[in-house]
Amino acid sequence: MAYEQDIAMSKRRGDYVDPQRSKVLLLSVWDEYERTGSGHLRETTKSNYRRGWALVDDRFGRWPVGKIEHADVADWIADLAQVKGPDTVRLGHRVLCQVLDHAMRTRRVPINVARGIRLPSRPPARETILTVEQVHALAAAMHRDGDIVLAMAYLGLRWSEVAALRTADVDLVRRRVHVVERATEVDGRIDVGQPESKASNRYIGIPAMILGQLEARVRGKAGTALVFPSPQGDYLRSRNWRRRSGFDEARESLGLEATPHDLRRTFGSLARMAGADLRFIQKAMGHGSITTTARIYAHLYDDELDTVARALDGLGKGAGGS
């Protein structure tokens, strides 16, 4: 009688799950989620999710979705953390959560048992921000394409934005670059599309020091031509470019650990040193939230702590403090 009452109550609440539907294998739920529930995701995200699913599949793929319990997931996370880094563990957990959320939406399970699991913490992010002198030394030491280093450091472009930049996006008269497209390498192929967020579609001012290099790149080209093409005229691929241009060789000779993405982060630092407000840095870099900008570049405001402290000292002295 109590069991029947519980079922009736679940039906009234709308969270009743037919036990037969919970017998489907998690692998089948993943296949359905990938086919019907991930269409809105970018290709890079889909690729990452497929890598995460490989971890989930190894443990739970052949389990009936209704048989997976919270403790099972906790044990899996603990085992995975013994052999994989924190980011990989978190990716696997995120994918499992997405698949179980889909199982909830399709009435296979009443709750997502993967939620609330304690995950391994990430180590502090590595910070490599170059000085102006290091940026120019790196560009000068390369075999070719040193102007790409300058473009990333002084325009704050992501690699995918550099690869997709077209001549029509560069206005030398107004000294503006318009970011309207990105070209991302996914599983060996180039996925071309709109920037990763609305904020990433943006205008960036061109400093005079790199105006000449950009002019040389766009001169005589059609508007649809790539500003920074590969030797074959195609989209640049980061790994090939680093080897061919001498980027890795140059950074090693200079004792630098910088990656192309560090050049973008360098832009934020240099902009701040030039007196730019945090909101300008957010807009120029295409961050969707100023919180993101503040988290990444909080260290750039350390000198202002001393300014505030001195100002407080002045107030204290004015009030008769020692």
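Residues numbered from 1 in each chain as written. Predicted model: local features only at pLDDT ≥ 70, side-chain atom pairs only at ≥ 80, totals over all residues. Heavy atoms only, no water.

Tell me about the pairing of strand E3 (residues 182-186), and name the residues and values.
Every regular strand shows the same layout, with side chains that alternate between the two sheet faces. Among the 5 residues of E3, 4 are classified as buried, and the element is accordingly described as predominantly covered. Across 5 bridges, the pairing between E3 and strand E4 (residues 189-193) is antiparallel. Looking at E4, one finds that Ala 183 is bridged to Val 192. What sits between the antiparallel neighbours E3 and E4 is a turn of 2 residues, in which Asp 187 has the positive phi angle 50 degrees. (Buried < 20%, exposed > 50% of the residue type's maximum accessible area, 1.4 Å probe, protein only. Helix = DSSP H or I, 4+ residues; strand = E, 2+ residues; numbered from the N terminus. Pairing = 2+ DSSP bridges.)

Just give me the short version of the packing of helix H2 (residues 26-37) against helix H5 (residues 86-105), but keep the residues and values in it.
Two elements in contact, H2 and H5, have axes separated by 9 Å at closest approach and are oriented at 90 degrees. Looking at the two axes, H2 sits roughly perpendicular to H5. Between H2 and H5, the contacting residues are Leu 26, Val 29, Trp 30, Glu 32, Tyr 33 and Thr 36 on the first element and Val 95, Leu 96, Gln 98, Val 99, Leu 100, His 102, Ala 103 and Arg 105 on the second. Across the contact of H2 with H5, the residue classes break down as 9 nonpolar, 3 polar and 2 charged. (Axes fitted to C-alpha atoms, helices over the stretch in contact; angles between N-to-C directions. Parallel < 35°, antiparallel > 145°, perpendicular 65-115°, else oblique. Contact = heavy atoms within 4.5 Å. Nonpolar A, V, L, I, M, F, W, Y, C, P; charged D, E, K, R; others polar.)

Report on H2, specifying residues and quantitative values.
Those residues of H2 not exposed but buried are Leu 26, Val 29, Trp 30, Glu 32 and Tyr 33. All buried residues of H2 lie within an arc of 165 degrees about the axis, which places them on one face of the element. Check the buried side of H2 and you find it contacts helix H3 (43-60) and H5. (Arc of directions from axis to C-beta.)

Before we move on, could you go through the packing of aromatic side chains and cite the residues and values that matter?
Within the structure shown, the criterion is met by 6 aromatic pairs. When the ring of Phe 60 is compared with that of Trp 76, the centres are 5.6 Å apart and the planes differ by 70 degrees; the resulting orientation is edge-to-face. Placement of Phe 60 in helix H3 and of Trp 76 in helix H4 (residues 70-81) is noted, with a sequence separation of 16 residues between them. For the pair formed by Phe 60 and Trp 76, the shared burial category is buried. Seen in terms of ring centroids, Trp 159 and Trp 241 are 5.0 Å apart; in terms of plane orientation they differ by 45 degrees. Their pairing is tilted. (Phe/Tyr/Trp six-rings, centres within 6.5 Å; stacked < 30°, edge-to-face > 60°.)

Residues and numbers for the environment of Gly 193, please.
Considering the arrangement of structural elements, one finds Gly 193 in strand E4. C-alpha of Gly 193 to C-alpha of Ala 183: the two residues are 10 residues apart in sequence and 6.7 Å apart in space.

I'd like a rundown of empty space enclosed by the protein, residues and numbers included.
Here the structure, examined in full by the defined rule, presents 1 cavity of 30 Å³ or more. Taken together, Asp 147, Leu 150, Ala 151, Ile 210, Gln 213, Leu 214 and Phe 228 make up the full set of residues lining the largest cavity. Its residues assigned to classes, the lining of the largest cavity shows 5 nonpolar, 1 polar and 1 charged. (1 Å grid on protein atoms, 1.4 Å probe; cavity = no way out; pocket = protein on both sides within 12 Å on 5 of 7 lines; lining within 4 Å. Points joined across faces, edges and corners; volume = space filled by probe spheres on them.)

Give me the lowdown on the packing of H4 against H5, citing residues and values where you can.
For the pair H4 and H5, the least separation of the axes is 10 Å and the interaxial angle reads 155 degrees. Judged by the inter-axis angle, H4 sits roughly antiparallel to H5. Both H4 and H5 take part in a crossing whose hand is right-handed. Of H5, the residues touching H4 (which contributes Val 73, Trp 76, Ile 77, Leu 80 and Ala 81) are Val 89, Gly 92, His 93 and Leu 96. Classifying every residue of the contact of H4 with H5 by side-chain character gives 7 nonpolar, 2 polar and no charged. (Left-handed = near helix turned anticlockwise from the far one by under 90°.)

Can you explain H3? Please cite residues and give values.
Here H3 spans 25 Å end to end across 18 residues, near enough to the 26 Å set by a 1.5 Å rise per residue. On its buried side, H3 packs onto H2, H4, H5 and E3. (Expected span 1.5 Å × (residues − 1).)

Help me get a handle on the environment of Arg 50, residues and values and all.
Structurally, Arg 50 is set in helix H3. The contact partners of Arg 50, leaving out residues within four places of it in the chain, are Trp 30, Glu 34 and Asp 187.

Give me the lowdown on the layout of surface pockets, citing residues and values where you can.
Where empty space is left becomes clear once a probe the size of a water molecule has been rolled over the atoms. Estimated volume of the largest pocket: approximately 1600 Å³. Within the residue set of the lining of the largest pocket, elements represented by two or more residues are H3, H5, helix H8 (159-164), E3, helix H10 (238-245), helix H12 (260-273) and helix H14 (290-297). Among the residues making up the lining of the largest pocket, the classes are represented as 11 nonpolar, 10 polar and 18 charged. Estimated volume of the second largest pocket: approximately 350 Å³. Around the second largest pocket, the lining comprises 17 residues; the ones closest to its centre are Tyr 154, Gly 205, Pro 207, Phe 267 and Phe 280. For the lining of the second largest pocket, the elements supplying multiple residues, two or more each, are helix H7 (146-155), strand E5 (202-205), H12 and helix H13 (278-285). Take the lining of the second largest pocket: its biggest share by element is 4 residues, from E5.

An account of the pattern of salt bridges is requested, with residue identities and associated values reported.
Within the structure shown, the criterion is met by 19 salt bridges. A salt bridge links Asp 248 to Arg 251; its shortest N-O distance comes to 3.5 Å. One end of the pair is Asp 248 and the other is Arg 251, both in helix H11 (residues 247-253) and 3 residues apart, which spans about a single turn. Salt bridges sharing common partners tie together Arg 144, Asp 145, Asp 147 and Arg 217. (Salt bridge = Lys/Arg side-chain N within 4 Å of Asp/Glu carboxyl O.)

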